[in-house]
Amino acid sequence: MVCEVAVGLDGLAHDGGQDIPEDLQQRFFGNVEFLFAKEFPALSGFVPDLDALKAAPFPILLGAGSTDRGTYYARPSLEIAKRIGASWAEFPGTHMEYLHRPAGFGAALRALTTQMQSRIADVPEEWTSEN
């Protein structure tokens, strides 16, 4: 989350040009010490078990937000997908789009999972829209 978050001159946190809800800002800024002391070191040293992912008995779909295309924090999902032979998808919006436009994100996720499970028919149009 830190990678996408910037504090503007207005003192508010922004993600991909969109405001982050105030309650989430409070949680984020209230946990910065823990984030840097505990979570970042664990994440930076994490190496996924590619063999285990390849052997997973279920489909794996990795993805990133379209506005994050090419960023360093979006590239791992693409690289892991390539290495394990998994599907990769570009979702609408930012890394945390589900916070800003949950209906649009949900529609995209529903369409993708339906396509992964059923190749016998097209995804209903109403599932791919925000309405």
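Residues numbered from 1 in each chain as written. Predicted model: local features only at pLDDT ≥ 70, side-chain atom pairs only at ≥ 80, totals over all residues. Heavy atoms only, no water.

Summing up its helical and strand segments, the chain has six helices and five strands in all. In sequence order, the secondary structure elements of the chain are arranged as β-β-β-α-α-α-β-α-β-α-α. Looking at the 131 residues of the chain, the share that counts as buried comes to 24%. In the chain, the share of contacts with a sequence separation of at least 24, taken over all contacts with a separation of at least 6, comes to 55%. Accessible area for the chain stands at about 9000 Å²; split by element, carbon and sulfur atoms hold 57% of it. (Helix = DSSP H or I, 4+ residues; strand = E, 2+ residues; numbered from the N terminus. Buried < 20%, exposed > 50% of the residue type's maximum accessible area, 1.4 Å probe, protein only. Contact = heavy atoms within 4.5 Å. Areas by Shrake-Rupley, 256 points an atom, 1.4 Å probe, with all protein chains shown as cover.)

Inspection of helix α1 (residues 22-30) places Leu24, Gln25 and Phe28 among the buried residues, and these make up the whole buried set. Viewed along the axis of α1, the buried residues span an arc of 105°, placing them on a single side of the element. Projecting away from the buried face of α1 at angles above 90 degrees are the exposed residues Glu22, Asp23, Gln26, Arg27 and Gly30. (Arc of directions from axis to C-beta.)

Bringing the pairing of strand β4 (residues 61-65) into the picture now. Looking at chain direction, β4 and strand β5 (residues 87-91) are connected through five bridges and run parallel. Counterpart to Ala64 in the pairing with β5 is Glu90. A crossover links β4 with its parallel partner β5, the connecting element being helix α4 (residues 75-84), and its sense is right-handed. (Pairing = 2+ DSSP bridges. Right-handed = clockwise from strand over helix to strand, strands pointing away.)

What the rule picks out here adds up to three salt bridges. Note that Arg69 and Glu90 form a salt bridge whose closest N and O atoms lie 2.5 Å from each other. One end of the pair, Arg69, is in the loop between β4 and α4; the other, Glu90, is in strand β5, with 21 residues separating them in the sequence. On the basis of relative accessibility, which here comes to 61%, the residue Arg69 falls in the exposed class. (Salt bridge = Lys/Arg side-chain N within 4 Å of Asp/Glu carboxyl O.)

Another point: the confidence of the model for the chain. When the pLDDT values of the chain are averaged, the result is 77; 76% of them are 70 or greater. Ranking the helices and strands of the chain by mean pLDDT puts helix α3 (residues 50-54) first, with 96, and strand β1 (residues 5-7) last, with 47. Note on residues 1-14: pLDDT is under 50 here. Beyond four places in sequence and across chains, it has 33 contacts. (pLDDT = per-residue confidence, 0-100.)

Applying the stated criterion across every chain, the model contains four aromatic pairs. Measuring from centroid to centroid gives 5.3 Å for Tyr72 and Tyr73, while their planes differ by 85°, and the two rings are edge-to-face. Site record: aromatic cluster; members linked through ring pairs are Phe91, Tyr98 and Phe105. (Phe/Tyr/Trp six-rings, centres within 6.5 Å; stacked < 30°, edge-to-face > 60°.)

Within the secondary structure layout, Leu61 lies in strand β4. Here the alpha-carbon distance between Leu61 and Met116, two residues 55 residues apart in the chain, equals 8.8 Å. Each residue touching Leu61, except ones within four places of it in the same chain, is listed here: Ser87, Trp88, Ala89, Phe91, Leu112 and Met116.

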